[in-house]
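Survey of secondary and tertiary structure
Read off the chains here:
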Amino acid sequence: MRFRYKKTFPTAMTLKHLLPAALCCLLVAMPLPAVEKRPNFLFILVDDQAPFDLKVYDPKSPLDTPNLDRLAAQGVVFDGAYQMGSFSGAVCMPSRHMIMSGRTVWHLPPAPWGAKTCPPNLEQNSIPAVFNRAGYATMRTCKTGNSYEAANKLFTVRHDASKRGGDDETGSTWHGDRVMDYLRDRESAKDDKPFFIFYGFSHPHDTRDGRPELLAKYGAVNHTDEAAPPSSHSLQPGLPPNYLPGHPFDMTHADVRDEVAVSGVWKRRDEASIRNEIGRQYACSENIDIQIGRVLKRLEETGELDNTFIIYTADHGMSIGRHGLMGKQNLYQHTWRVPFIVKGPGIPAGRRVEGNIYLLDILATFCDLAGIPAPETNEGLSFKPVLLGEKPVMRDVLYGAYSGGSKPGIRAVRKGDWKLVRYEAPDRSVNETQLFNLAENPDELLPQHHDPKVAALTGNMPKPEQTNLASDAAHASKLAEMQALLLAEMRRLNDPWRFSDQPDDNLPAPPAPQPRGKGKGKAGK
């Protein structure tokens, strides 16, 4: 029997029924695209470190940090990363609030008039809260005190303790062990959530009791005799180029703990004391680098490293002899600036950028990199465009404040190569102005640095133009321009104080002064 068929074409009704089945067959046959894995974050925060301690910022530095050097070579180094300022002698406290919340310095809960300038329950929009809600596993280890406790306690896993000793249990190794334990436990539990690890250290903040073998490497000892300087040693680091045997004037808080009571230095600014203390700082910093290396190696072994954004920074810079100061209660570049290195997926390697970022930009940037909306309370800017090479800087003007002692205290503003710093403390008879061209004078050298005795100690003889230019008539118009710019920034950021020659803007009466942290108080810890 011959079968005949009638040639037909599918009708619209036939297609309506056939297409879904055909598409299903096609989808079954095709391999599904892999779901993109969300990135991890390893945020490394050290306590008290000037950028110029590191070879990345000063190739002459004898400090060995091979793991940070490798991070820098594989990622992006920021030459313009800043800590906006402080209303407290404990500069780390507002700094860490800004990091966690993305808020500007006068808009923090503990700031003067903070109740008016800060939304309630801000901790619910801090880093751990935001990443917890986004489904991240969050872990933290860091120092205790002078931080943002309401936010810190929101990390799912938390191991905080102040560890400034010279062995594995009392020093930075302890923090490293906590992260290593966390990664091991995570692997054992087969936890595949993306992670956010806050990897904080208690060093190189004083007391800088380093591991014995590292102290020996830098010719340093844990000096305990307040009546006499330590012995000199050929292995001790040299003095910084902007070293002074004393600051030329009261910087509005000269009796803060950091300037009078740091164990090993106290009020001394002689060469032996400063070189020994820098050696102690280097010993602590190298140990931090060792602990970072342990964690990076473990992430590589577990296959997580390539999908992890790694950010290294400090809560603020540090003096240790620079400009005759010891602490962080000033706005020189060694203290206002912070080291800042970023490596991660999609970030071009081996780049240096100016950036002009604040630490308070971190929250917005983390959210941007993770694909998470930044909270409405955030005031920072995502610097992802700088990381990707799309922009050179995030802002043209930078503002800095220090009001931890007498008021108004210290203010700074920078635009391009020019930087203005003002000091005023009527109760201490302080009224000083500094104007620097940082292209010509990157170390902010003062007339006192031109003293042949100082130059003989540092090996650095300044050029005539490397000085404070505020009283130079040739720069009067630049001085006026920078003063106007400073006032504009103070107004924009709701600075609660004014200098005596500025309009008072009908500001309300200043709030009660913050504790000034004299002697052995807590202000610098």
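Quick summary incoming for the structure in this document. Worth saying up front: this structure is predicted, and the values here are computed from it rather than measured.

Our next topic: the packing of aromatic side chains. Applying the stated rule across the entire model yields 20 aromatic pairs. For the ring pair F78 and F383, a centre distance of 5.4 Å and an interplane angle of 70° mean the geometry is edge-to-face. Here F383 lies in the loop between α12 (362-370) and α13 (384-387) and F78 lies in strand β2 (residues 76-78), a separation of 305 residues in the sequence. Each of the two residues, F78 as well as F383, counts as buried. With 5.9 Å between their ring centres and 80° between their planes, F155 and F198 make a pair best called edge-to-face. With a gap of 43 residues between them, F155 in the loop between α6 (149-152) and β6 (157-160) and F198 in strand β7 (residues 195-204) connect regions that are remote in the sequence.

Once that is clear, we can look at the sheet that holds β7. Ordered by their spatial adjacency, eight strands build an open sheet running β6-β5-β7-β1-β8-β9-β2-β10, and the pairing between neighbours is mixed. Only two strands of the sheet have a single partner each, and these edge strands are β6 and β10 (351-353). Sheet twist, expressed as the mean angle between neighbouring strand axes with direction ignored, is 10°. As judged from the four bridges shared by strand β8 (residues 308-314) and strand β9 (residues 340-343), these two strands associate in the antiparallel manner. Counterpart to Y312 in the pairing with β9 is I341. Each of β2, β8 and β9 is contacted by helix α2 (residues 66-74), which is oriented at about 65° to β9, the strand it contacts most. Packing of α12 onto the sheet brings it into contact with β1 (40-47), β7, β8 and β9, and relative to β1 it is tilted by some 160°.

The terminal C-alpha atoms of helix α10 (residues 271-301), which comprises 31 residues, lie 45 Å apart, in line with the 45 Å expected from a rise of 1.5 Å per residue. Counting buried residues in α10 gives 24 out of 31 residues, a clear majority hidden from the surface. G303 sits one or two positions beyond α10 and adopts a positive phi of about 75°.

With that settled, the discussion passes to the pairing of strand β12 (residues 397-402). Side-chain direction in a regular strand flips from residue to residue, so the side chains alternate between the two faces of the sheet. Here β12 lies mainly inside the structure; six of its six residues are buried. Where burial is concerned, the two faces of β12 agree: the one with V397, Y399 and A401 and the one with L398, G400 and Y402 are both buried. Strand direction decides the pairing type here: strand β4 (residues 85-86) and β12, joined by two bridges, are parallel. By the bridge assignment for β12, S86 is matched with Y402. In this sheet, strand β13 (residues 409-415) lies alongside β12 in antiparallel orientation, the contact comprising six bridges. By the bridge assignment for β13, Y399 is matched with V413.

Attention now moves to the sheet that holds β12. Reading across from one edge, β4-β12-β13-β14-β15 is the order of the five strands in this open sheet, with mixed pairing throughout. Either end of the sheet is taken by a strand with one partner, and the two such strands are β4 and β15 (430-437). Contacts from helix α15 (residues 476-492) reach β12, β13, β14 (418-425) and β15 within the one sheet, and its direction differs from that of β13 by about 110°.

Attention now goes to α12. With eight of nine residues buried, α12 is to be regarded as a mostly interior element. Where α12 is concerned, the buried positions are I362, L363, A364, T365, F366, C367, L369 and A370. Once α12 ends, the next one or two residues include G371, with phi positive near 75°.

Once that is clear, we can look at the state of the cysteines. Going through the model one piece at a time under the given rule, you end up with zero disulfides. The structure places no disulfide on C118, whose sulfur is separated from the nearest cysteine sulfur, that of C367, by 17 Å. Judged by relative accessible area, which is 12%, C118 ranks as buried. A disulfide-free cysteine, C142 has its sulfur positioned 9.7 Å from the sulfur of C92, the nearest such atom. Judged by its relative accessible area of 0%, C142 falls in the buried class.

Each pocket or cavity is described by its volume, and for the largest pocket that value is around 800 Å³. Lining the largest pocket are 35 residues, with F52, D58, P240, P241 and D443 positioned closest to its centre. Secondary-structure elements contributing two or more residues to the lining of the largest pocket are α10, α11 (333-336) and α14 (452-458).

This next bit is on the pattern of salt bridges. According to the stated counting rule, one finds 44 salt bridges in the structure shown. Among the ionic pairs, D48 bridges to K328, the shortest N-O distance being 3.3 Å. Of this pair, D48 sits in the loop between β1 and α2 while K328 is found in the loop between β8 and α11, placing the two residues 280 residues apart along the sequence. On the basis of relative accessible area, K328 is assigned to the buried category, the value being 2%. For R294, the salt bridge identified is with D177, shortest N-O distance 2.8 Å.

Here we come to the environment of H107. The residue H107 is located in the loop between α3 (92-101) and α4 (114-117) in this model. Not counting chain neighbours up to four residues away, the residues in contact with H107 comprise T117, C118, E379, L493 and N494. Within polar-contact distance, the side chain of H107 engages the side chain of N494 at 2.7 Å.

Looking at where H247 falls in the secondary structure, it is placed in the loop between α8 (212-217) and α9 (257-260). There is a polar contact of 2.7 Å between the side chain of H247 and the backbone oxygen of F249. A polar atom in the side chain of H247 sits 2.8 Å from the side chain of Y332. In contact with H247, not counting residues within four places along its chain, are H323, G324, L325 and Y332.

Let us now look at the packing of helix α7 (residues 172-188) against α10. Where α7 contacts α10, the two axes come as close as 9 Å, and the packing angle between them is 10°. Taken together, the axes of α7 and α10 lie roughly parallel to each other. Contacts between α7 and α10 involve S172, T173, G176, D177, V179, M180, L183 and E187 from the first element and N287, I288, Q291, R294, V295, R298 and L299 from the second. A breakdown of the residues in the contact of α7 with α10 according to their chemical character gives six nonpolar, five polar and four charged.

Rules and cut-offs
- Residues numbered from 1 in each chain as written.
- Predicted model: local features only at pLDDT ≥ 70, side-chain atom pairs only at ≥ 80, totals over all residues.
- Heavy atoms only, no water.
- Phe/Tyr/Trp six-rings, centres within 6.5 Å; stacked < 30°, edge-to-face > 60°.
- Helix = DSSP H or I, 4+ residues; strand = E, 2+ residues; numbered from the N terminus.
- Buried < 20%, exposed > 50% of the residue type's maximum accessible area, 1.4 Å probe, protein only.
- Pairing = 2+ DSSP bridges.
- Axes fitted to C-alpha atoms, helices over the stretch in contact; angles between N-to-C directions.
- Contact = heavy atoms within 4.5 Å.
- Expected span 1.5 Å × (residues − 1).
- Disulfide = S-S within 2.5 Å.
- 1 Å grid on protein atoms, 1.4 Å probe; cavity = no way out; pocket = protein on both sides within 12 Å on 5 of 7 lines; lining within 4 Å.
- Points joined across faces, edges and corners; volume = space filled by probe spheres on them.
- Salt bridge = Lys/Arg side-chain N within 4 Å of Asp/Glu carboxyl O.
- Polar contact = N/O pair within 3.5 Å; in protein donor to acceptor, adjacent residues only side chain to side chain.
- Parallel < 35°, antiparallel > 145°, perpendicular 65-115°, else oblique.
- Nonpolar A, V, L, I, M, F, W, Y, C, P; charged D, E, K, R; others polar.

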